[in-house]
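The primary structure of each chain is shown beneath.
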Amino acid sequence: MADGSTAAVDPVAGLIDIALPREVSLWPQTWEAWLAIVLLVAAVSVAAWRYAHLRHINRYRREALAELQGIEHAGNAGPSELLSRLTMLVRRTALAAFPREKVAPLVGPAWLSFLDRSYGGDEFSHGVGRLLVSGPYRQLPPEGAELQSLVHLVRRWIRGHHA
């Protein structure tokens, strides 16, 4: 059994290597996939531009709401001063949102009617919003509840008016 010819034969020598497949590319291979990628990139670009555009357009609303919050939390302001600041805030916000020629000459009932039309309600001409016009001329300053209602109305108008 000590035959030297059978011990020298290598059993692995006759095996053939397996051909490995090509590496899989991470890039899409079909035109449909490329079209989907192009459309997705275009949609994301349009959405980002639209978001930035709307954010820029509505910047005056954010500033007006921040100022309204400051007015609302001003503890040392009396009712007359608070009413005056609210009136100026509404006027400046309207001048920022609408054409100056349309807004600047309006006073009294025409001003309140304009606010109602831009908002879609009638709280300015038939509700607490009348304080914006008649408040400075009242003998007694408005009550705290009236002012709070006016602040809420002004907040809704700032958020909801449409040019």
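Everything below is about the structure shown above.
The residue numbers shown here count from 1 along each chain, following its written sequence. Only residues with pLDDT of at least 70 are given local features in this predicted model, and only at 80 or more are side-chain atom pairs given and counted; all residues enter the totals for whole chains, interfaces and linings. Only hydrogens and water are removed before side-chain values are computed, so all heavy atoms of the structure are retained for them.

**Digging into the nonpolar core**
Residue types Ala, Val, Leu, Ile, Met, Phe, Trp, Tyr and Cys, when buried and joined through side-chain atoms within 4.5 Å, form a set referred to as a nonpolar core. Accessible area is worked out with a 1.4 Å probe on protein chains only. A residue is then buried under 20% of its type maximum, exposed over 50%, and partly exposed in between. The biggest cluster of nonpolar side chains holds 27 residues, and the ones touching the most others in it are W111, F114, L115 and W157. Mapped onto this core, the elements with two or more residues apiece are α3 (59–72), α4 (79–97), α6 (108–119), α8 (131–134) and α9 (144–160). The element that contributes the greatest number of residues to this core is α9, accounting for seven residues. Residues are treated as being in contact if the distance between any of their heavy atoms lies within 4.5 Å. If sequence neighbours within four positions are ignored, L115 has contacts with V90, F124, L132 and W157. Strands are runs of DSSP state E lasting at least two residues, helices are runs of H or I lasting at least four, and both sets are numbered from the N terminus onward.

**Overview of the packing of helix α2 (residues 31–57) against α3**
Where α2 meets α3, the axes come as close as 4 Å, and the angle between the chain directions of the two elements is 45°. The angle between α2 and α3 falls in the class oblique. Contacts between α2 and α3 involve R55, H56 and I57 on the former and, on the latter, R59, Y60 and R62. Its residues assigned to classes, the contact of α2 with α3 comprises two nonpolar, one polar and three charged. Axis geometry follows a simple rule: fit a line to the C-alpha atoms, using only the stretch in contact for helices, then measure angles between N-to-C directions, giving values from 0 to 180 degrees. Angle categories: roughly parallel below 35 degrees, roughly antiparallel above 145, roughly perpendicular from 65 to 115, and oblique for all the rest. Polarity classes work like this: nonpolar for Ala, Val, Leu, Ile, Met, Phe, Trp, Tyr, Cys and Pro, charged for Asp, Glu, Lys and Arg, and polar for all others, with Gly in that last group.

**Let's talk about the packing of α4 against α6**
Contact geometry of α4 with α6 gives a least axis separation of 12 Å together with a crossing angle of 60°. For the element pair α4 / α6, the angle class is oblique. The interaxial crossing formed by α4 with α6 has left-handed handedness. Judged by residue contacts, V90, R91 and A94 of α4 engage W111, F114 and L115 from α6. In a left-handed crossing the near helix is turned counterclockwise from the far helix by less than a right angle, and in a right-handed crossing that turn is clockwise.

**Considerations on the packing of aromatic side chains**
Note on ring pairs: Phe, Tyr and Trp rings are taken, using the six-membered ring of Trp, and paired if centres are within 6.5 Å. Classes follow the plane angle, with under 30 degrees stacked, over 60 edge-to-face and the rest tilted. The tally for this structure, following the rule as stated, stands at four aromatic pairs. Between W111 and F114 the ring centres are 5.9 Å apart and the planes differ by 20°, which places this aromatic pair in the stacked class. Taken together, the positions of W111 and F114, both in helix α6 and three residues apart, correspond to about one turn of that helix. Here W111 and F114 have matching classes, each one buried. Relative to F124, the ring of Y119 has its centre 6.4 Å away and its plane inclined at 85°; by these criteria the two rings are edge-to-face. A network of ring pairs unites the aromatic residues F98, W111 and F114 as a single cluster. Across from the ring centre of W111, 3.9 Å away, lies the NZ or CZ of R91, which sits over that ring. Only when the NZ atom of a Lys or the CZ atom of an Arg is both within 6 Å of the ring centre and within 35 degrees of the ring normal do we say a charge sits over the ring.

**As for the side chain of R61**
Relative to the helices and strands, R61 is located in helix α3. Only four residue types enter the tally: Lys and Arg on the positive side, Asp and Glu on the negative side, with His and both chain ends excluded. Any carboxyl oxygen of Asp or Glu within 4 Å of a side-chain nitrogen of Lys or Arg constitutes a salt bridge here. As a buried residue without a salt bridge, R61 has its nearest oppositely charged side chain in E63, at a separation of 12 Å. Here a polar contact is taken to be a pair of N or O atoms separated by no more than 3.5 Å, where protein atoms must pair a possible hydrogen donor with a possible acceptor and residues adjacent in sequence count only if both atoms sit in side chains. A polar side-chain atom of R61 sits 2.9 Å from the main-chain carbonyl oxygen of H161. Those residues in contact with R61 that sit more than four places away from it in its chain are I158, R159, G160 and H161.

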